[in-house]
Amino acid sequence: YDAAGNFLKKTDYSQNSSSAYQYQSGTNKLSSVRLKSGTLKTFGYDNKGNQTHANNRREVTYNVFNKPTNINRGGTNANFYYDANWARYKQLSTTNNVTTTTYYIGNYEVIKQGRSTTT
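A brief look at the structure comes next. Please read all numbers here as calculations on a predicted model, not as lab measurements. (Residues numbered from 1 in each chain as written. Predicted model: local features only at pLDDT ≥ 70, side-chain atom pairs only at ≥ 80, totals over all residues. Heavy atoms only, no water.)

### Digging into the overall build of the chain
Thinking step 1. When helices and strands are tallied, the chain shows 0 helices and 12 strands.
Thinking step 2. Reading the chain from its N terminus to its C terminus gives the helix and strand order β-β-β-β-β-β-β-β-β-β-β-β.
Thinking step 3. Taken against the 2.2 N^0.38 rule, which gives 14 Å for 119 residues, the C-alpha radius of gyration of the chain at 18 Å runs more than 25% over that of a compact globule.
Thinking step 4. The principal-axis extent of the C-alpha atoms belonging to the chain is close to 50 × 30 × 25 Å.
Thinking step 5. Classification of the 119 residues of the chain by burial places 23% in the buried group.
Thinking step 6. When contacts within the chain are restricted to residue pairs at least 6 apart in sequence, long-range pairs at least 24 apart make up 2% of them.
Thinking step 7. Surface exposure of the chain reaches about 8,100 Å², of which carbon and sulfur atoms provide 47%.
Thinking step 8. Taking the average location of the 15 positive side-chain charges in the chain and that of its 6 negative ones, the two points are 5 Å from each other. (Helix = DSSP H or I, 4+ residues; strand = E, 2+ residues; numbered from the N terminus. Rg over C-alpha atoms; globule rule 2.2 N^0.38 Å. Buried < 20%, exposed > 50% of the residue type's maximum accessible area, 1.4 Å probe, protein only. Contact = heavy atoms within 4.5 Å. Areas by Shrake-Rupley, 256 points an atom, 1.4 Å probe, with all protein chains shown as cover. Lys, Arg positive; Asp, Glu negative; His and termini not counted. Charge placed at Lys NZ, Arg CZ, Asp CG, Glu CD.)

The structure is reproduced here in structure tokens:
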């Protein structure tokens, strides 16, 4: 870690180098990571500081209250829904053409996948 608490390296993910993690100058925004495989993963942000892009591809979309409304990463597309108090009440997630709906009810989650329901 550096003095601000930012990663410098994480050997199970990045190269074993104190410069594996690079940050935008004057910020704690991660700009890139040199992965263990040697490839470089880059990150982009919106004007509010939310991480939105990886490797120049949009992965996360936010609403005006900085809540994620869509995350599209690694073959999974997830949409998030919020009530009038901006509490998340539903998530629709699709992976390999299988959609999972998660309802957030108080301290509980109800998960529906096809005809199956889990609480």
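### Comments concerning a nonpolar patch on the surface
Thinking step 1. On the surface, a nonpolar cluster with roughly 310 Å² of combined accessible area is contributed by Val64, Phe65 and Trp86.
Thinking step 2. Looking at where Phe65 falls in the secondary structure, it is placed in the loop between β6 (60–62) and β7 (68–73).
Thinking step 3. For Phe65, a relative accessible area of 47% gives the class partly exposed. (Patch = residues over 30% accessible without salt bridge, like charges linked within 9 Å, V, L, I, M, F, W, Y side chains within 5 Å. Salt bridge = Lys/Arg side-chain N within 4 Å of Asp/Glu carboxyl O.)

### Structural notes on the pattern of salt bridges
Thinking step 1. What the rule picks out here adds up to 2 salt bridges.
Thinking step 2. Taking the shortest distance from any N to any O, the salt bridge between Arg73 and Glu59 comes out at 3.0 Å. On the criterion of sequence distance, the pair formed by Arg73 in strand β7 and Glu59 in the loop between β5 (57–58) and β6 is long-range, its members being 14 residues apart.
Thinking step 3. The exposure class assigned to Glu59 is buried, which follows from its relative accessible area of 10%.

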